[in-house]
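# Observations on the model geometry
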Amino acid sequence: MKSKIQEYMHIENIKDEIVPLDVFYSDQVKFPKIDRQHLERNILDSISISLFKYESNQIEVFYKPISRAMDPDKIIKL
Amino acid sequence: MVWIFSYSKNDRTIKSVQEWIYLMKKKSIVSVLHQDYIELIKIIETPDSKECIIRINEKTLNTKEIESIWFKGGSVELIDFIRQDKAKNQLISFKDNLRYYLSAYSTAKLEVVLNVLSKKKVLGANLLGRFNKINALSLAKDVGLSIPPTIVTGNRKDIEVFVKTYGDLVCKSLDLNFDYYDVHDESWFHSYTTNFSIEDLEKMPDNFAISAFQKKIEKKYEIRTFYLNNKCYSMAIFSQLNSKTMIDYRRYDSEKMNRIVPYKLPLSIKHKVVAFMKRANLKTGSIDLIKSNKNEFVFLEVNPIGQFGYLSGNCNYYLEKEIAMHLTNNQNEK
């Protein structure tokens, strides 16, 4: 059975023999859809340290509560 | 053996040096020209030795035999799918020459900016997470850390021999892990270190793209160490009892998270980790180690931009504060 990665490669016309094996062993991971409003509300109350490159509701588990003494205005948003 | 990289085989200076080398030491000389075809065949990295086999113009050579190298023009360029024209001895087109020029031009501009920035206080490496895992193993070995025997090859028979010698293997990336987000499918693809079984071997073609394999080390637990300013902040991850996380704990099992505890590295291992980071020229990074069933600490890899929030939060290390202090020259404040 062809992996999903091989399917992508064949669509893009990339030969199997140029891709190292670890790529073929990639895992497919699905995350629940992001509730952005909920997330943004959360960010107002916390310093967010995302552990992953992607966002999901699950990363809330890893959010650390901000010290209430911190002045949010001092956090410069670019 | 002396290797000389050059643009032309008719360079009189090179010829003269070659004659002197032969006259004085009777050393054999390998002359590698700019247009020569260099191909990586395999690398074997074990605790006791390192072998790198390459092929130049159909001649197979072991880098162990090299005593010295002189770059007099020319460069080490490996043939792969990017440089196929060269492998076929085709002339490089105007477009490819211009692309090469523009790539050097672009790199030069970047280097200027990086040079300016490097004068500042810098934490972290401008590597986008890149750090060659095989070179990291060599460095780790140099400072006295144990490493898993490793082979980088594109040949099935090499792996068969390696399995017979070392038993079960894992397959991992040479450098970055592969990442892809499929927008339509709303799913991520991410490559992890994976178990590589005899069944996998049977399904493989005789030749494939060069890939990295390591002896699978049976472990008691994994250790992730965050390094900053000569200090090691470690946690032990009991990932071995969960089939999802036993090969790579980053395959998080959100239903049943691994038990994680703060961990103090033995002083001798800590000194070796610090020595490794200094040799790797990294001021910070996350190091993955294993405590094996034989009670040996085995180095796996380093990530120069490794995530630390998980470690900091679970072990109460307040690493965010340490980094803030580092960036603001406020080292003594506690």
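Residues numbered from 1 in each chain as written. Chains lettered and ligands numbered in written order. Predicted model: local features only at pLDDT ≥ 70, side-chain atom pairs only at ≥ 80, totals over all residues.

The next thing to look at is helix α3 (residues 94-117) of chain B. Because each turn of an α-helix spans 3.6 residues, side chains separated by three or four positions in sequence point in the same direction. For α3(B), which comprises 24 residues, the first-to-last C-alpha distance of 35 Å matches the rise-based estimate of 34 Å (1.5 Å per residue) to within 8%. Across the 24 residues that make up α3(B), only a small minority, zero, are buried. (Helix = DSSP H or I, 4+ residues; strand = E, 2+ residues; numbered from the N terminus. Expected span 1.5 Å × (residues − 1). Buried ≥ 20, exposed ≤ 12 C-beta atoms within 10 Å, placed from the backbone.)

Residues and elements named next belong to chain B. Of note in this structure, Asn229 is not a glycine but carries a positive phi near 50°. With respect to the helices, strands and loops of the structure, Asn229 is situated in the loop between β13 (219-228) and β14 (231-238). Exposure remark for Asn229: the 12 C-beta atoms within 10 Å place this residue in the exposed category. Within the chain, Asn295 stands out as a residue other than glycine whose phi angle is a positive 65°. Positionally, Asn295 belongs in the loop between β16 (284-292) and β17 (297-303).

Right, let's talk about helix α7 (residues 267-279) of chain B for a bit. All names here are of chain B. Taking 1.5 Å per residue as the helical rise, α7 with its 13 residues ought to reach 18 Å, and the 18 Å between its terminal C-alpha atoms agrees with that figure. Within the span of α7, buried status applies to Ile269, Lys272, Val273, Phe276 and Met277. The arc that holds the buried residues of α7, viewed along the axis, is 135°, so those residues lie on one side. Of the exposed residues in α7, those oriented more than 90 degrees away from the buried face are Leu267 and Ser268. Positive backbone phi, at 60°, marks Asn281, one or two positions downstream of α7. (Arc of directions from axis to C-beta.)

Here we take up the sheet that holds strand β7 (residues 150-155) of chain B. All names here are of chain B. Spatial strand order, β5-β4-β3-β7-β12-β8-β11: seven strands in an open sheet with antiparallel pairing. The two strands at the open ends of the sheet, each matched to only one other strand, are β5 (59-62) and β11 (194-196). Across the sheet, the axes of successive neighbouring strands diverge by a mean angle of 30°, strand direction being ignored. As paired strands, strand β8 (residues 169-172) and strand β12 (residues 207-215) are joined by four bridges and run antiparallel to one another. Looking across to β12, one finds that Val170 is bridged to Gln214. Its contacts with the sheet put helix α4 (residues 133-142) on β3 (38-45), β4 (50-56), β7, β8 and β12, and the angle it makes with β3 is roughly 45°. (Pairing = 2+ DSSP bridges. Axes fitted to C-alpha atoms, helices over the stretch in contact; angles between N-to-C directions. Contact = placed C-beta atoms within 7 Å.)

Residue and element names in this part refer to chain B. Along its sequence, chain B is organised into domain 1 (2-87), domain 2 (90-120), domain 3 (122-146 + 218-334) and domain 4 (149-216). Using C-alpha coordinates to define each centre, domain 1 is positioned 29 Å away from domain 4. Contacts between the two partners involve seven residues from domain 1, matched on the other side by eight residues from domain 4. The residue inventory of the side of domain 1 that touches domain 4, partitioned by class, reads four nonpolar, one polar and two charged. (Domains from an automatic or database assignment. Nonpolar A, V, L, I, M, F, W, Y, C, P; charged D, E, K, R; others polar.)

Attention now moves to the sheet that holds strand β1 (residues 2-6) of chain B. Residue and element names in this part refer to chain B. The three strands are arranged β2-β1-β6 in an open sheet whose pairing can be described as parallel. Two strands in the sheet have a free side with no partner beyond their single neighbour: β2 (29-33) and β6 (68-72). This sheet shows a mean twist of 15° between the axes of neighbouring strands, independent of strand direction. Of the strands in this sheet, β1, β2 and β6 touch helix α1 (residues 12-25), which is tilted by about 175° from β1.

This paragraph deals with the interface of chain A and chain B. Listed as interface residues are 20 residues of chain A and, on the opposing side, 25 residues of chain B. Of all elements in the fold, only α2 (21-24) and β1 (27-30) of chain A reach the threshold of two or more residues within the side of chain A that touches chain B. In terms of residues, the side of chain A that touches chain B owes the most to one element, β1(A), which gives four residues. A class-by-class count of the residues in the side of chain A that touches chain B yields twelve nonpolar, three polar and five charged.

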